[in-house]
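Descriptive analysis of the structure
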Amino acid sequence: MAGNWKMYKTRSEARAFLAAFTPLIADLPAERTVVLCGPFTCLDLLTTAAGQFAPGAQNVHWETEGAFTGEISAPMLVELGIRYAIVGHSERRAYFNETDGTVNKRLRAAQTHGLIPILCVGESNEQRQAGFTDPWIATQLEEDLPGIDLDRLVIAYEPLWAIGTGATCEATEANRVTGLIRTLAGRADLPILYGGSVKPGNIDELMDRPEIDGVLVGGASLDPESFARIVNYKAFAAT
Ligand code: PGA
C-alpha cells in the first residue's frame, strides 16, 4: 500500500500528518507493507518515523554522483534510510521528458544500490479509446525491464486518465490489466499495484480482485485518515 505525496507537504505539514497517521496503522497485519513516498525535503522525517511503514522517494538518478542539477542519486537516498523509489511515474514522463530508456537506467541504479523501485506504466485516454492499451503496456515493459531483477521490483499499473481525475478504472479492468502485466513479466509472485483515483470508497472493491496486490495512492494519501482507511482495507477494517 503505497502513498505518493508528489509535490505536497512542507516539513511542518509532514510532521502533522505523521503524528496523526502512525497511530492509525499501529495494528496492521505483519504481511501488509505500507510505503510513503515524500518530497526530498521530508525524507528524513519519513525515515525517522518509519516503523509501521517504509520510506520511499519519488525518483532516483542513474548515476551515483555528478553534474546533474536537481537530481538525487540512489546512494544519497540509501544513506538516509530510504527503501523504495517510484520510477517512471507518468508525471515524470509527461512533464520532464523521461523516456523508457532513462526509466530503465533509473531502475537499474535503484536496484544496484539496494532500493526497491516501483515502476509505473499505463496508457493514455487516447490509447485506450483506440484499443491500444495492451500493446502499449507490453511495449513499456519490453523497454523498461531489460536487466531488471524481478525479485526486487514492484510494478504499478496507473492508467493516465485515472490519475488525479476521480475517474477510477473499473476494478474488473484494473484486475485484467494487472494480470496482463503479471503474464508479460513472467512472474506469478511479482507485486503489482493499481494506481489512479484510489479512495477510501473504492479500496475494498479493488483489493477484492485477485490480481491486484496493492495500490499506489496520490491525492488520498495526503490526508492521514483517508490514507489510513485505505491501508486498513476491508480484510482488516472489518475485524
Ligand atoms: P491519484 O494519483 O491517486 O491522485 O489519482 C495516483 C498517482 O499518481 O500515483
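**Some thoughts on the overall build of the chain**
- Each helix and strand counted, the chain has 11 helices and 8 strands in total.
- Its C-alpha atoms give the chain a radius of gyration of 17 Å, within 12% of the compact-globule value 18 Å for 239 residues.
- With respect to the three principal axes, the spread of C-alpha positions in the chain is 50 × 45 × 30 Å.
- The contacts in the chain between residues at least 6 apart in sequence include a share of 70% that link residues at least 24 apart.
- Element-wise, carbon and sulfur atoms account for 53% of the exposed surface of the chain, whose accessible area totals about 10,600 Å².
- Computed over 20 positive and 30 negative side-chain charges, the inter-centroid distance for the chain is 2 Å.

**Observations regarding the sheet that holds strand β6 (residues 154-157)**
- Strand order in the closed barrel formed by 8 strands is β1-β2-β3-β4-β5-β6-β7-β8, and the pairing between neighbours is parallel. Strand-to-strand twist in this sheet, taken as the mean axis angle between neighbours without regard to direction, amounts to 25°.
- Across 3 bridges, strand β7 (residues 192-195) lies against strand β8 (residues 214-217) in parallel orientation. The residue of β8 that forms the bridge with Tyr194 is Val215.

**Side note on the site of the ligand**
- Near the ligand lie 13 residues; those nearest to it are Lys6, His89, Glu158, Gly164 and Ser197.
- Here an oxygen atom of the ligand sits 2.8 Å away from a polar atom, N or O, in the main chain of Gly219.
- In isolation the ligand offers 280 Å² of accessible surface; the protein chains occlude 97% of this area.
- Of the residues assigned to the shell around the ligand, the class counts are 4 nonpolar, 7 polar and 2 charged.

**A few points about the packing of helix α1 (residues 11-24) against helix α10 (residues 224-231)**
- Across the interface, α1 lies against α10 with an axial gap of 9 Å and an inter-helix angle of 25°. One element, α1, and the other, α10, form an angle in the roughly parallel class. α1 and α10 meet at a crossing whose hand is right-handed. Residues Phe17, Ala20, Phe21 and Leu24 of α1 pack against Pro224, Glu225, Phe227, Ala228 and Val231 of α10.
- For the contact of α1 with α10, a count of residues per class yields 8 nonpolar, no polar and 1 charged.

**Here's the deal with the packing of helix α7 (residues 133-144) against helix α8 (residues 171-185)**
- Orientation of α7 relative to α8, taken along the N-to-C sense of each, is 40°, at an axis distance of 10 Å. Put simply, α7 runs oblique to α8. Judged by the sense of rotation from one axis to the other, the crossing of α7 with α8 is right-handed. From α7, Asp134, Ile137, Ala138 and Leu141 reach across to α8, where they touch Arg176, Val177, Leu180, Ile181 and Leu184.

**As for the pairing of β6**
- Judged by which residues are buried, β6 turns out to be covered on both faces: Val154 and Ala156 on one side and Ile155 and Tyr157 on the other are all buried.
- The sheet contact formed by strand β5 (residues 116-121) and β6 spans 4 bridges and is parallel. Opposite Val121, over in β6, you have Tyr157 as the bridge partner.
- Where β6 lies against β7, 3 bridges are found, and the strand directions are parallel. Counterpart to Tyr157 in the pairing with β7 is Tyr194.
- A crossover connection joins β6 to the parallel β7 through α8; in handedness this β-α-β unit is right-handed.

**A few points about the pairing of β5**
- For β5, the tally of buried residues reaches 5 of 6 residues, placing the bulk of the element in the interior.
- In the sheet, strand β4 (residues 84-87) pairs with β5 via 4 bridges, with the strands oriented parallel. Across the sheet, Ile86 pairs through a bridge with Ile118, a residue of β5.

Conventions and cut-offs
Residues numbered from 1 in each chain as written. Predicted model: local features only at pLDDT ≥ 70, side-chain atom pairs only at ≥ 80, totals over all residues. Heavy atoms only, no water. Helix = DSSP H or I, 4+ residues; strand = E, 2+ residues; numbered from the N terminus. Rg over C-alpha atoms; globule rule 2.2 N^0.38 Å. Contact = heavy atoms within 4.5 Å. Areas by Shrake-Rupley, 256 points an atom, 1.4 Å probe, with all protein chains shown as cover. Lys, Arg positive; Asp, Glu negative; His and termini not counted. Charge placed at Lys NZ, Arg CZ, Asp CG, Glu CD. Pairing = 2+ DSSP bridges. Axes fitted to C-alpha atoms, helices over the stretch in contact; angles between N-to-C directions. Near = heavy atom within 4 Å. Polar contact = N/O pair within 3.5 Å; in protein donor to acceptor, adjacent residues only side chain to side chain. Nonpolar A, V, L, I, M, F, W, Y, C, P; charged D, E, K, R; others polar. Parallel < 35°, antiparallel > 145°, perpendicular 65-115°, else oblique. Left-handed = near helix turned anticlockwise from the far one by under 90°. Buried < 20%, exposed > 50% of the residue type's maximum accessible area, 1.4 Å probe, protein only. Right-handed = clockwise from strand over helix to strand, strands pointing away.

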